[in-house]
Amino acid sequence: MPLTQRSSWLDPDLDSFRELAHSFCQKELAPNHERWSAAKQVDRELWRKAGEVGLLCLSIPEEHGGGGGTFAHEAILLEEQARAGDDAWGNAVHSGIVAHYVSSCGTEDQKKRWLPRLASGDLVGAIAMTEPGTGSDLQNVKAKAIRDGDHYVLNGTKTFITNGSQAELIIVVAKTDPGEAAKGVSLVMVETEGAEGFRRGRVLDKIGMHGQDTSELFFDDVRVPIENLLGGVEGQGFIHLMQQLPQERLIIAVSAVAAMEGAVEQTIQYTKERTAFGREIFNFQNTRFKLAEAATEVAVCKAYLDQCIERHLKGELDVTGAAMVKWWTTDRLSRVADECLQLFGGYGYMNEYPIARAWTSARVQRIFGGTNEIMKEIISRTL
Ligand SMILES: Cc1cc2nc3c(=O)[nH]c(=O)nc-3n(C[C@H](O)[C@H](O)[C@H](O)COP(=O)(O)OP(=O)(O)OC[C@H]3O[C@@H](n4cnc5c(N)ncnc54)[C@H](O)[C@@H]3O)c2cc1C
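Residues numbered from 1 in each chain as written. Predicted model: local features only at pLDDT ≥ 70, side-chain atom pairs only at ≥ 80, totals over all residues. Heavy atoms only, no water.

Colleague: I keep staring at the overall build of the chain and nothing clicks. Help me out?
Modeller: Of regular secondary structure, the chain possesses 11 helices and 9 strands. By the compact-globule yardstick of 21 Å for 383 residues, the chain fits well, its C-alpha radius of gyration being 21 Å. Burial statistics for the chain: of 383 residues in total, 54% are counted as buried. Within the chain, contacts between residues separated by at least 24 positions form 74% of all contacts whose residues are at least 6 apart in sequence. If you sum the accessible surface of the chain, you get close to 17100 Å²; carbon and sulfur atoms cover 51% of it. Separation of charge centres in the chain, based on 41 positive and 53 negative side chains, amounts to 4 Å. (Helix = DSSP H or I, 4+ residues; strand = E, 2+ residues; numbered from the N terminus. Rg over C-alpha atoms; globule rule 2.2 N^0.38 Å. Buried < 20%, exposed > 50% of the residue type's maximum accessible area, 1.4 Å probe, protein only. Contact = heavy atoms within 4.5 Å. Areas by Shrake-Rupley, 256 points an atom, 1.4 Å probe, with all protein chains shown as cover. Lys, Arg positive; Asp, Glu negative; His and termini not counted. Charge placed at Lys NZ, Arg CZ, Asp CG, Glu CD.)

Colleague: Sorry, what's going on with unusual backbone geometry here?
Modeller: With glycine set apart, most residues show a phi of negative sign, and most peptide bonds adopt trans. Despite not being glycine, asparagine 163 shows a phi value in the positive range, around 70 degrees. Among the secondary structure elements, asparagine 163 is positioned in the loop between strand S3 (151-161) and strand S4 (169-175). The buried category is assigned to asparagine 163, whose relative accessible area is 2%. Phi at methionine 209 is positive, roughly 45 degrees, even though this residue is not glycine. Residue placement: methionine 209 occurs in the loop between strand S6 (198-203) and strand S7 (215-225). Overall, methionine 209 belongs to the buried group, its relative accessible area being 12%.

Colleague: How should I be thinking about the site of the ligand in this particular structure?
Modeller: Contacts to the ligand come from 19 residues, most closely from Met129, Thr130, Ser136, Thr371 and Glu373. Contact between the ligand and phenylalanine 160: a nitrogen atom at 2.8 Å from a main-chain N or O atom of the residue. Here the ligand loses 65% of its free accessible area of 980 Å² to cover by the protein chains. Of all elements in the fold, only strand S1 (125-128), S3 and helix H11 (372-380) reach the threshold of two or more residues within the shell around the ligand. Across the shell around the ligand, the residue classes tally to 9 nonpolar, 8 polar and 2 charged. (Near = heavy atom within 4 Å. Polar contact = N/O pair within 3.5 Å; in protein donor to acceptor, adjacent residues only side chain to side chain. Nonpolar A, V, L, I, M, F, W, Y, C, P; charged D, E, K, R; others polar.)

Colleague: Help me understand a nonpolar patch on the surface in this model?
Modeller: Judged by side-chain polarity, Tyr347, Tyr349, Met350 and Trp359 come together as a nonpolar surface patch covering roughly 440 Å² of accessible area. Along the polypeptide, methionine 350 turns up in the loop between helix H9 (319-343) and helix H10 (354-365). (Patch = residues over 30% accessible without salt bridge, like charges linked within 9 Å, V, L, I, M, F, W, Y side chains within 5 Å. Salt bridge = Lys/Arg side-chain N within 4 Å of Asp/Glu carboxyl O.)

Colleague: What exactly am I supposed to notice about helix H4 (residues 71-83) here?
Modeller: Along an α-helix, residues three or four apart share an orientation, since each turn contains 3.6 residues. Helix length check: H4 (13 residues) gives 18 Å between terminal C-alpha atoms against 18 Å at 1.5 Å per residue, within 8%. With respect to burial, H4 is a largely interior element, 10 of its 13 residues being buried. Taken residue by residue, H4 has Phe71, Ala72, Glu74, Ala75, Ile76, Leu77, Leu78, Glu79, Glu80 and Gln81 as its buried positions. Buried positions along H4 lie against helix H1 (12-29), helix H5 (91-105), helix H7 (237-273) and helix H8 (285-313). Residue glycine 85 follows H4 closely and has a positive phi angle near 75 degrees. (Expected span 1.5 Å × (residues − 1).)

Colleague: Quick question: what am I supposed to make of the pattern of salt bridges here?
Modeller: Side chains that differ in charge, positive against negative, can pair when their charged atoms come close. Enumeration over the complete set of coordinates arrives at 21 salt bridges. A salt bridge links arginine 113 to aspartate 109; the shortest N-O distance between them is 4.0 Å. With a gap of 4 residues between them, arginine 113 and aspartate 109 both fall in helix H6 (residues 108-120), about one helical turn apart. Overall, arginine 113 belongs to the partly exposed group, its relative accessible area being 27%. Taking the shortest distance from any N to any O, the salt bridge between lysine 158 and glutamate 131 comes out at 2.9 Å. You can see lysine 158 sitting in strand S3 and its partner glutamate 131 sitting in the loop between S1 and strand S2 (144-148), a full 27 residues away along the chain. Of the two residues, lysine 158 and glutamate 131, neither departs from the other in class, the shared state being buried. Each of Arg18, Glu79, Glu80 and Arg83 takes part in salt bridges that share partners, so that together they form one network.

Colleague: Explanation requested: the pairing of S1 in the structure shown.
Modeller: Residues in a regular strand point their side chains to alternate faces of the sheet. Of the two faces of S1, both are covered, the one formed by Gly125 and Ile127 as well as the one formed by Ala126 and Ala128. Pairing of S1 with S4, which is carried by 4 bridges, proceeds in the parallel orientation. By the bridge assignment, glycine 125 is partnered in S4 with leucine 169. (Pairing = 2+ DSSP bridges.)

Colleague: Help me understand the packing of aromatic side chains in this model?
Modeller: The relation between two aromatic rings is expressed through the spacing of the ring centres and the mutual angle of the planes. Per the counting criterion, the structure on display carries 8 aromatic pairs. Summarising the aromatic geometry, the rings of tyrosine 270 and tyrosine 353 are spaced 6.5 Å apart at their centres and angled 90 degrees between planes, so their arrangement reads as edge-to-face. A residue pair is termed long-range when its members are at least 10 positions apart, and tyrosine 270 in helix H7 and tyrosine 353 in the loop between H9 and H10 qualify at 83 residues. Centre to centre, the rings of tryptophan 327 and tryptophan 328 are 5.4 Å apart; their planes meet at 85 degrees, and the pair counts as edge-to-face. Judged by its relative accessible area of 29%, tryptophan 328 is partly exposed. Taking NZ or CZ as reference, arginine 199 lies 4.4 Å from the ring centre of phenylalanine 218, over its face. The lysine or arginine in question, lysine 376, covers the ring of tryptophan 327, its NZ or CZ lying 4.3 Å from the ring centre. (Phe/Tyr/Trp six-rings, centres within 6.5 Å; stacked < 30°, edge-to-face > 60°. Lys NZ or Arg CZ within 6 Å of the ring centre and 35° of its normal.)

Colleague: What is the right way to read the state of the cysteines from this model?
Modeller: What makes a disulfide is a covalent bond joining the sulfur atoms belonging to two cysteines. The tally for this structure, following the rule as stated, stands at 0 disulfides. Of the cysteine sulfurs around cysteine 105, a residue in no disulfide, the closest is that of cysteine 57, at 15 Å. A residue is classified by how much of its surface remains accessible, and cysteine 105, at 7% relative accessible area, is buried. For the unlinked cysteine cysteine 340, the closest cysteine sulfur is that of cysteine 301, found at 13 Å. (Disulfide = S-S within 2.5 Å.)

Structure below.
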């Protein structure tokens, strides 16, 4: 029996889209986990393969090369990626975040320049907000983009950047007016090919998500044409960030709930196969109660997530609702993954078991996309 009810926002067209997403994730993602973990990145070719079958930029309008779908398509692909046990491919950032900034905040010329190539996989996207000295406090970024004729001169260091070793189009959060706080922030699009002064640092050594190329990036007097200022108006960066962050947080929640569901399913199966003291582990009351609690967590999280997806599809998901779904689902995922791992005994601690990966991947979700403390800060301001 499935752990959750069918989502209200699904329909037969989305069901057939799921088949495509499912077969791609099972064929192209699931078998490569160990290889990508060792390489600390996915194959560059993966992006073009996904582009060829139309799985990139699903909710970007067709006129700009996207799939012409909605956030529902993005959500299904995220669920199937989680179901394949993949935590390496940074498509959520590429399609769900970078392409959306361009589509929602870019000029018509910028959309025509970048969206078709993001959709084909010819360009890989990243967003560089965080710096060594500041993450949560984005108004305080030190990166500067100072106008010099028909260019900006960009200086700064970014860290923890998803897709950092492969990205060819990077949204860099920088101050065009360093004397101002939020009002001085702009989003500068860096095309890395041939960009003098741009350097990638090492792929960082994380406790999980080993196949994802989270990296440091350095910008030393990088000259960026003024046409690459997203939206074409200085000082709009913070407003753009505030508009786009709810979708980023909803994306994290979709992945969290899918990962939670997967963890519980695996654990039910494992505990029905493993025996101790002459019976299935599942038949100890502690196991059944822990799994009953975990199944309830999944069902409750899914119900609120579905409500948020519906609101987002109608353009009605606000910053507070997105903060609530992000902190709640990622917090519950951490607990559920931990309880499930416990029921695997020592095998739960072995990297070759998907539950071990689910546990390490779960941990970071309370940190990125705005920490859960910042989510509570956002919510509390409305109380
Ligand atoms: C795997 C991974 C991928 C990432 N991908 C990206 C990416 O693609 N692009 C990008 O720009 N960044 C990315 N990040 C960075 C991530 O968004 C930041 O780590 C996060 O926003 C927190 O910032 P920080 O690490 O500087 O922590 P800090 O801001 O230094 O926070 C440290 C602690 O203080 C708490 N804190 C801070 N301010 C407050 C407050 N006002 N009230 C209460 N508590 C507070 C925080 O909640 C946290 O517990 C990624 C991080 C990781 C680990």
